[in-house]
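# Descriptive structure summary
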Amino acid sequence: MFQKLEEVEKRYEEVTQKISDPEVISRQEEWKALMKEHAEIEPVVLKYREYKKANQAIDDAKALLNDPEMKELAELDIEENKEKLPKLEEEIKILLIPKDPNDDKNVICEIRGGAGRRRSSFICRNLI
């Protein structure tokens, strides 16, 4: 999972550079596609960076455990960040679930009231 996250982060950096390139901006279709990709992977990258930051904070706090004055603070920091890690991992896993191709399509929903003893009906149609 972390190998894939590293690749996604690398792609995010590439896309970020491309969308600020004046040559790419002049090609509107390419720029629009890159902006869409950027928006799709940004939440994953931000959550992954938060995960890496928590891991780094644990490592930094472990280095302070030898200092008697900082030991208590370091233990609190380690405990706090270790509690964050499983939650962050779950959030990352959810963000990595592939999106449904119909998510970007529009839908018309119609609710019809029933007459007499008939129940109401609910109809949804995808727009193409």
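Use the structure listed above.
Residues numbered from 1 in each chain as written. Predicted model: local features only at pLDDT ≥ 70, side-chain atom pairs only at ≥ 80, totals over all residues. Heavy atoms only, no water.

## What to know about the environment of L65
Test applied: Helix numbering and strand numbering both begin at the N terminus, where a helix is a DSSP run of H or I of at least 4 residues and a strand a DSSP run of E of at least 2. Exposed residues in this analysis have more than 50% of their type's maximum accessible area, buried residues have under 20%, and partly exposed residues fall in between, with area computed by a 1.4 Å probe over protein chains only. Note on contacts: a residue pair is in contact if any heavy atoms of the two residues lie within 4.5 Å.
Within the secondary structure layout, L65 lies in the loop between α3 (28-63) and α4 (71-95). Using a relative accessible area of 29% as the deciding quantity, one classes L65 as partly exposed. Residues L65 and E75 lie 10 residues apart in sequence; the distance between their C-alpha atoms is 7.3 Å. For L65, the residues in contact, after removing those within four places along its chain, are K71, A74, E75 and I78.

## Some remarks on a negative patch on the surface
So the rule is basically this: A residue counts toward a patch only above 30% relative accessible area and without a salt bridge, and it is joined to like-charged neighbours within 9 Å or, for Val, Leu, Ile, Met, Phe, Trp and Tyr, to nonpolar neighbours within 5 Å. All accessible-area figures derive from a Shrake-Rupley calculation using a 1.4 Å probe, and residue coverage is judged against the displayed protein chains alone. Take a side-chain nitrogen of Lys or Arg and a carboxyl oxygen of Asp or Glu: if they are within 4 Å of each other, that pair is a salt bridge. Counted charges follow a simple rule, with Lys and Arg positive, Asp and Glu negative, and His plus the chain ends left uncounted. A charge is said to be at NZ when it belongs to Lys, at CZ for Arg, at CG for Asp and at CD for Glu.
A cluster of acidic side chains, namely E72, E75, E79, E80 and E83, defines a negative patch on the protein surface. Inspection of the secondary structure assignment puts E80 in helix α4. On the accessibility criterion, E80 (45% relative accessible area) is partly exposed.

## A closer look at helix α1 (residues 2-19)
Here is the rule we go by: Here the expected length of a helix is defined as 1.5 Å per residue gap, with one fewer gap than residues. Note: the arc covers the axis-to-C-beta directions of the helix.
Compared with an ideal rise of 1.5 Å per residue, which puts 18 residues at 26 Å, α1 spans 25 Å between its outermost C-alpha atoms and is within 8% of the ideal. Buried within α1 we find L5, V8, E9, Y12, V15 and I19. Looking straight down α1, one finds that the buried residues subtend no more than 125° of arc, so they occupy a single side. More than 90 degrees from the buried face of α1, the exposed residues found are Q3, K10 and Q17.

## Some thoughts on the packing of α1 against α3
Put simply, the test is: Where helices are involved, their axes are fitted lines through C-alpha atoms of the stretch in contact, as for all axes, and angles between N-to-C directions lie from 0 to 180°. Reported orientations rely on four angle classes, namely roughly parallel under 35 degrees, roughly antiparallel over 145, roughly perpendicular from 65 to 115, and oblique for the rest. Handedness of a crossing follows from how the near helix is turned relative to the far one, being left-handed for an anticlockwise turn of less than a right angle and right-handed for a clockwise one. The classification used treats Ala, Val, Leu, Ile, Met, Phe, Trp, Tyr, Cys and Pro as nonpolar, Asp, Glu, Lys and Arg as charged, and all other residues, Gly among them, as polar.
Running from amino to carboxyl end, α1 crosses α3 at an angle of 135°, the nearest separation of the two axes being 8 Å. The orientation of α1 with respect to α3, classified from their angle, is oblique. Classified by chirality, the crossing of α3 by α1 is left-handed. Of the residues assigned to the contact of α1 with α3, the class counts are 14 nonpolar, 2 polar and 9 charged.

## Notes on the pattern of salt bridges
Taken as a whole and assessed by the stated rule, the structure comprises 11 salt bridges. Linking R49 and E9 is a salt bridge whose minimum nitrogen-to-oxygen distance equals 2.9 Å. Here E9 lies in helix α1 and R49 lies in helix α3, a separation of 40 residues in the sequence. On the accessibility criterion, R49 (30% relative accessible area) is partly exposed. E9 gets classed as buried once you look at its relative accessible area, which sits at 11%.

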